[in-house]
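What follows is each chain in one-letter form.
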Amino acid sequence: MKKCVVIGSGLGGLSCGCILAKNGYEVTVLEQGSQIGGCLQCFRRGDSIFDTGMHYIGSADEGQVLHTILHYLGVDSNLQLSRLNPTGYDIISYQGEHYPLANGRDGFIDRLSEQLPGCRDELQRYYDLTTLVASSSPMHDLNRHVDLNIFAEYQTRSTSEVISSVVKHPVLKEVLAGILPLYAGEKDRTPFSLHALIFDFYNQSAFRIVGGSSAVADSLARSIRDMGGHVLTRHKASKIVCNDSCATAVQTVNGQQFPADLIVSSIHPASTIDLVDSHLLRPAYRRRIQSLRNTTGSFTVYLKFRKDHVPYMNSNLYYYRSSSVWDWQKNGKEWPQWLLYMHFCHIESNHALPQYAQTGEILTYMSYDEVRQWSGTSIGHRGEDYEEFKRKKAEAVIKALEEEVPGINDQIEQYYVSTPLTYQDYTGTLEGSIYGVARDVQTLVTGTVNCRTSIPNLLLTGQSTACHGMLGVLASSLVTCSEVIGMDTLLRQLK
């Protein structure tokens, strides 16, 4: 059996490990931390569980693309999914009104038309365009025979520009752009192709994972071990060892070496090349990867509610406090300018939702510059000034949510906080970037990361090589593994 070493145990690393193990490789996954999963991780405080990254998923009904991939990986039977409200899985709160996003073409158009009755034609144009662009990507339904020219065109046009070209109603423009926290959208920069993929992914169907997304990581790790592989925690890679023609092993900080015929790195591309001291990586490639611009970081407040006090909310609430959903990019605006508020589905029995929520989360953006002064410190040892910083920021976030959900502050028993530093420490992303490398119409060529490197047996995978989110990362894993297995073989296995 050929040996494959995977660096990083996030969704990209574990899914690549599972696919390669299915295809005859002896897989060893190396994780630097004590817990596997990357953005799939959950954490527990007392009897409460909190998701850290993968808060909800889409396209998971039978026959849809995510369901197909999860079934292939053997994960679907180990997950319990709770369907979000089909008539309003996402709620955009903008200028005092709530705009529900419903699943499916008819539901989506009908529900928004109830509040914006003169916008039906614009909604139809928008919906049909997003469907056209999304379906032109092989990621849409694992179909290689698609019109890539359409997808390529909308990689060069920004989300804000395209929405303005098909929608004239000023409020509807903001509402349709309101899902931008799902991809850290930037005005005039984020490709419409990314917006279309994300919108289509959730509009087909939307679910929470009952009990938390760590179930995905645990299932993938179990499958790798069942096929003779290894998933090792507290094994931080310190060097990718190379000879004159290829990579030969991965060395860890404790001096262990893991020989490899194939190495797959699921950590950030810049972190990967830092592990390589070889002429096989050209200086120009190193400079390009190291100069890649990353998406912003995030600040999250994890809420533990008083028992039986907060009715369970089966939708995700996006609350905008300024005149435009794009205002988060402007300095000097009151922080936070927006919030994403969600509940955690801790249990579902016989398709009956929880009556009350035990926990919830409030997420917003935060630049790494705000916490840079504590860079290099470790979790739990950053000092009183850092704790005071977190407390003030958390109070500002909760106060902002109180504007939208009056009385919520009185229902919070306890809260916990994560900053870009926390995210960096637990997931290994550079400067706590929420979605890895930023997609930008202005740097389409130089900002693209290929899964191949000039080292023939070193491959990259993860959110920076294709797209972020569950579907994006799994798609990147399929592309990466196709380099050694063949895409036709993978598609046959999937179908």
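Residues numbered from 1 in each chain as written. Predicted model: local features only at pLDDT ≥ 70, side-chain atom pairs only at ≥ 80, totals over all residues. Heavy atoms only, no water.

Q: It is not clear to me how empty space enclosed by the protein should be interpreted in this structure. Could you clarify?
A: Over the atoms rolls a probe the size of a water molecule, and in doing so it shows where empty space is left. By the definition in use, this model includes five cavities of 30 Å³ or more. Estimates place the volume of the largest cavity at around 80 Å³. For the largest cavity, the full set of lining residues is D51, H55, R208, I209, M342, H343, F344, C345 and E361. Secondary structure elements with two or more residues in the lining of the largest cavity: β9 (206–209) and β17 (338–343). (1 Å grid on protein atoms, 1.4 Å probe; cavity = no way out; pocket = protein on both sides within 12 Å on 5 of 7 lines; lining within 4 Å. Points joined across faces, edges and corners; volume = space filled by probe spheres on them. Helix = DSSP H or I, 4+ residues; strand = E, 2+ residues; numbered from the N terminus.)

Q: Please clarify how the state of the cysteines should be interpreted in this entry.
A: Linking two cysteines covalently via their sulfur atoms produces the bond known as a disulfide. Scanning the entire structure with this criterion turns up zero disulfides. Between C4, a free cysteine, and C481, which holds the nearest cysteine sulfur, the sulfur-to-sulfur gap is 7.8 Å. On the basis of relative accessible area, C4 is assigned to the buried category, the value being 1%. For C246, which is in no disulfide, the shortest distance to another cysteine sulfur is to C242 and amounts to 7.6 Å. (Disulfide = S-S within 2.5 Å. Buried < 20%, exposed > 50% of the residue type's maximum accessible area, 1.4 Å probe, protein only.)

Q: Got a minute to help me understand the packing of aromatic side chains in this structure?
A: Within a pair of aromatic rings, the relevant descriptors are the distance that separates the centres and the angle that separates the planes. Counted according to the given criterion, the structure contains 17 aromatic pairs. Judged by centre distance (5.3 Å) and plane angle (45 degrees), the rings of W374 and F389 are tilted. Of this pair, W374 sits in the loop between β18 (359–366) and α12 (384–404) while F389 sits in helix α12, and the two are 15 residues apart along the sequence. A residue is classified by how much of its surface remains accessible, and W374, at 6% relative accessible area, is buried. (Phe/Tyr/Trp six-rings, centres within 6.5 Å; stacked < 30°, edge-to-face > 60°.)

Q: What's the story with the sheet that holds β18 in this structure? I'm lost.
A: Sheet strands pair via backbone hydrogen bonds, and the direction of the pair is either parallel or antiparallel. Spatially, the seven strands line up as an open sheet ordered β8-β7-β16-β17-β18-β15-β19, and their pairing is mixed. Across the chains shown, the open sheet's two edge strands, defined by having one partner strand only, are β8 (97–101) and β19 (412–418). This sheet shows a mean twist of 20 degrees between the axes of neighbouring strands, independent of strand direction. One ladder, built from five bridges, connects strand β7 (residues 90–94) with β8; its direction is antiparallel. Within β8, the position partnered with I91 by the bridge is P100. Its contacts with the sheet put α12 on β7, β8, β15 (297–305), β16 (316–320), β17, β18 and β19, and the angle it makes with β15 is roughly 70 degrees. (Pairing = 2+ DSSP bridges. Axes fitted to C-alpha atoms, helices over the stretch in contact; angles between N-to-C directions. Contact = heavy atoms within 4.5 Å.)

Just distances and angles here, no functional claims.
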